[in-house]
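Observations on the three-dimensional arrangement
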Amino acid sequence: MAENRPDGAPAPLRPATVAAHGGHDPEAAGGDVVPPIRPATTFARDADYALLNPEGSYSRDANPTYRACESLLARLEGGAGAYLFSSGMAAAMAVVQALQPGDHIVAQSVMYWALRDWLREFCATWGLGFDLVDATDSESLAAAIVPGRTRLVWIETPSNPTWDVIDIAAAARAAHAAGARLVVDSTVATPVLTRPIELGADIVLHSATKYLNGHSDVVAGALIAAREDEFWHRVRANRAHGGAVLGPFEAWLMLRGMRTLYIRVARACANAMAIARHFDAHPKVAEVLYPGLETHPGHDLAARQMSGGFGGMLSLRVRGGAQAALAMAGRLRVFVRATSLGGVESLIEHRASIEGPGSPVPPDLLRLSVGIEDPADLIADLEQALADVPPGS
Ligand SMILES: *Cc1c(COP(=O)(O)O)cnc(C)c1O
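Since the model is a prediction, treat every value here as computed from it, not as a measurement. (Residues numbered from 1 in each chain as written. Predicted model: local features only at pLDDT ≥ 70, side-chain atom pairs only at ≥ 80, totals over all residues. Heavy atoms only, no water.)

1. Quick notes on the overall build of the protein chain
Stated precisely, the cut-off is as follows: The numbering of helices and of strands both runs from the N terminus, where a helix is a DSSP run of H or I of at least 4 residues and a strand a run of E of at least 2. Here the radius of gyration uses the C-alpha set of atoms, whereas the globule reference equals 2.2 Å times the residue count to the power 0.38. Burial classes follow relative accessibility: with a 1.4 Å probe on protein chains only, a residue under 20% of its type's maximum area counts as buried, one over 50% as exposed, and anything between as partly exposed.
Of the regular secondary structure elements, the protein chain holds 14 helices and 12 strands. Its C-alpha atoms give the protein chain a radius of gyration of 22 Å, near enough to 21 Å, the size a compact globule of 393 residues would have. Here the C-alpha coordinates of the protein chain stretch approximately 80 × 50 × 45 Å along the principal axes. Per-residue burial over the protein chain gives 52% buried out of 393 residues.

2. Regarding the site of the ligand
Put simply, the test is: Each residue is tested against the molecule or strand, and it is near if at least one of its non-hydrogen atoms lies within 4 Å. Counted as a polar contact is a pair of N or O atoms within 3.5 Å, where, for protein atoms, one must be capable of donating a hydrogen and the other of accepting one, and residues adjacent in sequence contribute only when both atoms are in side chains. Surface accessibility in these figures is a Shrake-Rupley result with a 1.4 Å probe; residues are shielded only by whichever protein chains are displayed. Amino acid classes used here: Ala, Val, Leu, Ile, Met, Phe, Trp, Tyr, Cys and Pro are nonpolar; Asp, Glu, Lys and Arg are charged; the rest, including Gly, are polar.
Around the ligand sit 13 residues, and of these Met 89, Asp 185, Ser 207, Thr 209 and Lys 210 come closest. The contact in question runs from an oxygen atom of the ligand to an N or O atom on the side chain of Thr 209, over 2.7 Å. Separating an oxygen atom of the ligand from a side-chain N or O atom of Lys 210 is a distance of 2.7 Å. Protein contact buries 93% of the 380 Å² of open area that the ligand shows by itself. Here the residues of the shell around the ligand sort into 4 nonpolar, 6 polar and 3 charged.

3. Quick look at the side chain of Asp 364
Worth spelling out the cut-off: Contacts: residue pairs with any heavy atoms within 4.5 Å of one another.
By the secondary structure assignment, Asp 364 is in the loop between α13 (351-355) and β12 (365-369). Non-local contacts of Asp 364, meaning those with residues more than four positions away in its chain, are made with Leu 316, Arg 317, Val 318, Gly 321, Ala 322 and Ala 325.

4. Focus: the packing of aromatic side chains
How we decide: Two rings belonging to Phe, Tyr or Trp (six-membered ring only in the last case) form a pair when the distance between their centres is within 6.5 Å. Interplanar angles under 30 degrees mark stacking, angles over 60 mark edge-to-face geometry, and anything in between is tilted. Placement of a charge over a ring requires the Lys NZ or Arg CZ to be within 6 Å of the ring centre, with the centre-to-atom vector within 35 degrees of the ring normal.
In the structure shown here, the tally under the stated rule is 3 aromatic pairs. Between the aromatic rings of Tyr 83 and Trp 232, the centroid separation amounts to 4.9 Å while the plane-to-plane angle is 15°, which identifies the pairing as stacked. Separated by 149 residues along the polypeptide, Tyr 83 in strand β1 (residues 81-85) and Trp 232 in helix α8 (residues 230-242) bring together distant segments of the chain. Residue Tyr 83 is classed as buried on the basis of its relative accessible area, which comes to 5%. Feature note: the residues Trp 118, Phe 122 and Trp 126 constitute an aromatic cluster, connected by ring pairs. Over the ring of Phe 85 we find Arg 239; its NZ or CZ atom is 5.9 Å from the centre of that ring.

5. Things to note about helix α10 (residues 261-279)
This is how it is decided: Multiplying 1.5 Å by the residue count of a helix minus one yields the expected span of that helix.
Over its 19 residues, α10 runs 27 Å from end to end, which matches the ideal 27 Å to within 8%, given 1.5 Å per residue. All of the buried residues in α10 are Leu 261, Tyr 262, Arg 264, Val 265, Ala 268, Cys 269, Asn 271, Ala 272, Met 273, Ile 275, Ala 276 and Phe 279.

6. As for unusual backbone geometry
For the bond running from Thr 157 to Pro 158, omega is -15°, close enough to zero to count as cis. For Tyr 49, which is not glycine, the phi dihedral falls at a positive 75°. If you trace the backbone, Tyr 49 turns up in the loop between α1 (15-20) and α2 (64-77). In this model, Ser 216 sits at a positive phi of 55°, which is unusual for a non-glycine residue. With respect to the secondary-structure elements, Ser 216 resides in the loop between β6 (203-207) and β7 (221-225). Using a relative accessible area of 47% as the deciding quantity, one classes Ser 216 as partly exposed.

7. A short note on the pattern of salt bridges
Test applied: We define a salt bridge as a side-chain nitrogen of Lys or Arg found within 4 Å of a carboxyl oxygen belonging to Asp or Glu.
Applying the stated criterion across every chain yields a total of 18 salt bridges. Residues Asp 103 and Arg 151 are paired through a salt bridge, measuring 3.5 Å at the closest nitrogen-oxygen approach. In this pair, Asp 103 sits in the loop between α3 (88-96) and β2 (104-108) while Arg 151 sits in strand β4 (residues 150-156), placing the two residues 48 residues apart along the sequence. Look at Arg 151 and you get partly exposed, because its relative accessible area is 31%. Connected through shared salt-bridge partners, Asp 61, Arg 67, Glu 70, Arg 236 and Arg 239 make up one network.

8. Some thoughts on the packing of α3 against helix α4 (residues 113-125)
Keep this limit in mind: Axes here mean lines fitted to C-alpha atoms, for a helix over just the part in contact, with angles spanning 0 to 180 degrees between N-to-C directions. Should an angle fall under 35 degrees it is called roughly parallel, over 145 degrees roughly antiparallel, and 65 to 115 degrees roughly perpendicular, with every other angle called oblique. Throughout, a crossing is termed right-handed when the near helix is turned clockwise from the far one, and left-handed when it is turned anticlockwise from it by less than a right angle.
Running from N to C, α3 and α4 cross one another at 30°; their axes reach a closest spacing of 11 Å. Taken together, the axes of α3 and α4 are roughly parallel relative to one another. When the axes of α3 and α4 are compared, the crossing they make is right-handed. Only Ala 114, Leu 115, Trp 118, Leu 119 and Phe 122 of α4 make contact with α3, whose side of the interface consists of Met 89, Ala 92, Met 93 and Val 96. Across the contact of α3 with α4, the residue classes break down as 9 nonpolar, no polar and no charged.

9. Description of the pairing of β1
The criterion, for reference: At least two bridges found by DSSP between two strands is the condition for calling them paired.
Burial within β1 is extensive, with 5 of its 5 residues counted as buried. Side chains of β1 alternate between two faces, with Gly 81, Tyr 83 and Phe 85 and Ala 82 and Leu 84 buried alike. The pairing of β1 with β7 spans 5 bridges and is classified as antiparallel. The residue bridging Leu 84 from the neighbouring strand is Ala 222, located in β7.

10. A look at the sheet that holds strand β9 (residues 313-318)
Reading across from one edge, β8-β9-β12-β11-β10 is the order of the 5 strands in this open sheet, with mixed pairing throughout. A single partner strand is all that each edge strand has here, and the edge strands are β8 (285-289) and β10 (336-337). As defined by bridge partners, β8 adjoins β9 across 4 bridges and the pair is classed as antiparallel. Considered in β9, the bridge of Val 285 is made with Val 318. Sitting on the sheet, α10 is in contact with β8, β9 and β12, with an inclination near 20° to β9.

Okay, structure coming up:
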């Protein structure tokens, strides 16, 4: 129940409560305690040609099941509007394709590699300027922005796979001073830990495949906008015409996953912190990369910018190089060797093998997506796998 404010009006519900209810109101829905799935591809109009349900017209663009999920996301991020996409990459494409030839993008050199590589190729072939910069240094980021020409500044925080923390407020100031928009890929932080719009972001991107859905069974993306301006309408048009939407069944699964977002993320953060502390200074581990550790270069900023935890992602650099790291991963029994992140089960990945030649990722790095298992089992699994790494190698 919402508590009452002094003026008698109920205080707005906190995000964890809104998420637990899936943003759903059983009374308005005719009694269903959970939101229904609405599979229709098209929606009827009355005799005067008005849509009977303004949330549904034709499901390439608007379907009530998407709308339920989108309005929940907009509430959790504090945005004016949200759109779901068929993947995180489709969401990113809808933003970039809203630009015009000659426009310029500044992105960060260490970020989700598939997106960085696609950005580089797309910009080269579609007449867009593109520069990569070390965004952990707010001054370098600002210096790379070209006033009047840079339209998008693109950051990811914490960023794959070193978990660098980028100062969202500083990036927003620099982008806005030059007339550019700030896009924040907040996949890893989730709205539980960071609310980029409150810090000045214009658009928040999620690979909803990861924590938002959280069960490794839906591929989805989402964008949330601070304002519904002309640029946002172009983004919407790209989705409506390109058809990169989620079906209603998958949107419904995602909505179900989001109801447990707050407890899943809290547990993943606690488990990741336990693992980071345990393996920090471990003789077989050269370095633990986790913003929750005081020794991580982004720790102080993370402590200010994130609340409730430092995320469920961390990386270990195994002593002995790529061979030792790969062999160690091969001995794991609880961690699953697989790409992706943000599910309830822990995953591990040797990123350099996946990214191939030219990857900036150190060859001895293993990326861990920490799930919600008992942390003692996760630590024991990593310990037994490290036990065979030759000492001091
Ligand atoms: C996975 C991921 C993406 C791409 O999302 P898909 O849903 O796989 O298309 C983008 N950014 C980050 C940080 C990711 O982890």
